[in-house]
Amino acid sequence: MKENVFIMKNERDTEKFGIKLGQEVKTGTVIALSGELGTGKTTLTKAIAKGLSIEETITSPTFNIVKEYDGGRLPLYHFDVYRIGDVEEMYELGYEEYFYGEGVCVIEWASIIEEIIPDNGMRIDIQYGREEGERVYKCIF
Ligand SMILES: Nc1ncnc2c1ncn2[C@@H]1O[C@H](COP(=O)(O)OP(=O)(O)OP(=O)(O)O)[C@@H](O)[C@H]1O
Ligand SMILES: [Mg+2]
């Protein structure tokens, strides 16, 4: 495990990064995204989906916690746990089937459920950069 820092200068960089990640990601990977409101977690997830060759439109799963997309190279399970009250809700929805399954999990606001993120998960912490449109990615994988 090592930390890598990547600078996204604009939304296009985020899109390229996400597409490449989606093309290369291995079965069973959990990608834990954290970062303030509007740092681009959903934007990155959309690009990962594109890289997985998922054609369906990705919409925010805020009210259902998880949305599933099949039809790509691997299934994508898109979680947004922002509104979760307690980590117990993750057990209720049977998160283990997703986290330890064959697909790829992308979790927005993953820090809220840090205790159940697998140790071998990939972590991307997104921060606003100095310039407009700039984002700083701290990645551990
Ligand atoms: N480099 C960048 N990468 C990603 N998004 C960017 C970038 N620069 C500007 N943006 C803009 O920032 C916004 C990011 O919104 P997005 O919904 O993806 O964020 P989010 O982190 O998912 O927010 P939330 O916390 O509400 O879920 C979009 O309007 C996008 O156009
Ligand atoms: Mg979002």
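J.: Just give me the short version of the overall build of the protein, but keep the residues and values in it.
T.: For the protein, the count of helices and strands is four helices and seven strands. Taken over the C-alpha trace, the protein has a radius of gyration of 14 Å; the compact-globule value for 141 residues is 14 Å, and the two agree within 12%. Its C-alpha atoms give the protein principal-axis dimensions of roughly 40 × 30 × 30 Å. Expressed as a percentage of its 141 residues, the buried residues of the protein come to 47%. Contacts spanning at least 24 positions in sequence make up 62% of the contacts within the protein whose residues lie at least 6 apart. Accessible area for the protein stands at about 7,900 Å²; split by element, carbon and sulfur atoms hold 46% of it. Once the 16 positive and 26 negative side-chain charges of the protein are each reduced to a mean point, those two points are 10 Å apart.

J.: Could you give an account of the pattern of salt bridges, with specific residues and numbers?
T.: A complete count under the given rule lists three salt bridges for this structure. Between Lys50 and Glu15 there is a salt bridge whose closest N-O contact spans 3.2 Å. With a gap of 35 residues between them, Lys50 in helix α2 (residues 41–51) and Glu15 in helix α1 (residues 11–24) connect regions that are remote in the sequence. Residue Lys50 is classed as partly exposed on the basis of its relative accessible area of 48%. Ionic pairing is found between Glu114 and Arg123, a salt bridge with its closest N-O pair at 2.6 Å. When its relative accessible area of 39% is taken as the criterion, Glu114 is described as partly exposed.

Parameters and conventions
- Residues numbered from 1 in each chain as written.
- Chains lettered and ligands numbered in written order.
- Predicted model: local features only at pLDDT ≥ 70, side-chain atom pairs only at ≥ 80, totals over all residues.
- Heavy atoms only, no water.
- Helix = DSSP H or I, 4+ residues; strand = E, 2+ residues; numbered from the N terminus.
- Rg over C-alpha atoms; globule rule 2.2 N^0.38 Å.
- Buried < 20%, exposed > 50% of the residue type's maximum accessible area, 1.4 Å probe, protein only.
- Contact = heavy atoms within 4.5 Å.
- Areas by Shrake-Rupley, 256 points an atom, 1.4 Å probe, with all protein chains shown as cover.
- Lys, Arg positive; Asp, Glu negative; His and termini not counted.
- Charge placed at Lys NZ, Arg CZ, Asp CG, Glu CD.
- Salt bridge = Lys/Arg side-chain N within 4 Å of Asp/Glu carboxyl O.

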